[in-house]
Each structure stands twice: as structure tokens, then as C-alpha cells.
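Structural features, examined
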Amino acid sequence: MGLSLLTREAWRHWRRGPAERPLSRPLFSSPDDVEEAARRFLLLGILPLWVVPGLADWWMHRRTGIERTSGIKESATHALMMTESGVPVVLGLLARINPLVLTTMGASAAVHSATALYDVSLATGEREIRPVEQHIHSFLEVLPLTALAFTACLHPDQVRSTLRGGPGPQDWRLLPKERPLSAAYLAGLAGAIGVGVVAPYAEELWRCLRARATTQLRS
């Protein structure tokens, strides 16, 4: 009897107890903390991890024998897409974010998406495009837009200036950053991109050129 009464009392207390708050204090104590977290995620997360799906896509091209199928046309399209992504990345890393840089980033992202669509249409019917490769493409297509979105969120004043047509005297000039990124970071990122993107896709283009030369000699 006593145990049953104790159980009922515990149940009533649980029913009447105050709701537990998910967070007892704010995750970020100031807007500066949010800005710093976003900047770190962009510089230390999105940009370095961009190499991973790029390298995986190169491996899928190699596995499906791109040099024997779609060949140089598709490989050259990959080089074009790397340029379309690389130009805004370099601007964002070295130049001051202003309407010129934001407009270039947006235009590059749009052109990159169009080129990616052409790339898939070029490869379809020429070589096997597996579901895994299609999933890798989704990352490669969305990452430029993600980087642009983070950059815009970090510079809302420049976004407003861009929407107004860039009326300022320095809005359409290419200017160095007021607070440049460290040389160590830039060198590390350049090394990762060189090893994980430039070198593999250069090897892919070389394989395609060699395969075409071999075919021409045999014919």
C-alpha cells in the first residue's frame, strides 16, 4: 500500500514538474561568436572538404574508363568546371569582399551549374554513370552555392550594396583584404587542392590524350 501511494505521488510530481529547457544558456554569447564560427566553418570546413568529393569523382571517372569512352571532351569540361570554381575561391581568399567579388561568385556559381548539366549530358550514353557518382555530383554542385551563401552571410553590408547596384566608389574594384589570411593557411589549402584536385584531373586529361594518340596510331 505504501509503495503504491509513493508511486502515485512520484507520477503526480512528474506530471506537475517544470518543463526542462533544452539549453540553459545561449549557444553563442554574442554576434561576434556567430560570425567567427561561420568563418571558421567556411575556411576550415567547406573549402578543405571540397577536395573529397572532387577526388571521389575523379576515381569514378577512372573506374569507368573515361579515356576509352567520352575521353578528352568530358575531361576538358572537368577542367573548365574547376576553373569556374577556382576563380571565385581565389577572389574570396585574397580580395576584399565587395559587390564585384560577390557578383563574380554568383555568376561563377550559375555558370558552374550550367556546365555541370552539360557535363552529365555529355557523359550519358558514353560511359556508365553509377548512382554513387551521381550522388558525388550533388555535393560538387551544391558546395559552390554553400560557399557563396556563407560569404554573403558574413558580409551583409556588401550584399545590400550589391542589391543597390554597388553605388560606392570601391564597390567595383578588386582590392586586397584588410585582414589577409595567414600564409600558412593559404599554403596548406593550396597544397590540398593541388594534391587532391589539380594533380588527379591533370592525370585524367593526360590519360585521355594518350588514349587518343594510341587510337590514331592504330588507325
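Look above for the structure.
Structure report, in brief. The shown structure was predicted, so the numbers you read here are calculated from the model rather than taken from an experiment.

In this structure, Ser 70 sits in the loop between α3 (51–63) and α4 (71–94). For the pair Ser 70 and Leu 122, spaced 52 residues apart in sequence, the C-alpha to C-alpha distance is 7.5 Å. Not counting residues within four places of it along the chain, the set of residues in contact with Ser 70 comprises Glu 126 and Arg 127. In this structure the side chain of Ser 70 is engaged in a polar contact, spanning 2.3 Å, whose partner is the side chain of Glu 74.

On to the environment of Val 87. Looking at the secondary structure, you find Val 87 in helix α4. Note on Val 87: relative accessible area 41%, which makes it partly exposed.

Under the defined criterion, the tally for this structure stands at two aromatic pairs. Ring geometry for Phe 41 and Phe 150: centres 5.3 Å apart, planes at 45°, overall tilted. In this pair, Phe 41 sits in helix α2 (residues 31–49) while Phe 150 sits in helix α6 (residues 131–154), placing the two residues 109 residues apart along the sequence. By relative accessible area, which is 47% here, Phe 41 ends up partly exposed. What makes Phe 150 partly exposed here is its relative accessible area of 23%.

About the thresholds
Residues numbered from 1 in each chain as written. Predicted model: local features only at pLDDT ≥ 70, side-chain atom pairs only at ≥ 80, totals over all residues. Heavy atoms only, no water. Helix = DSSP H or I, 4+ residues; strand = E, 2+ residues; numbered from the N terminus. Contact = heavy atoms within 4.5 Å. Polar contact = N/O pair within 3.5 Å; in protein donor to acceptor, adjacent residues only side chain to side chain. Buried < 20%, exposed > 50% of the residue type's maximum accessible area, 1.4 Å probe, protein only. Phe/Tyr/Trp six-rings, centres within 6.5 Å; stacked < 30°, edge-to-face > 60°.

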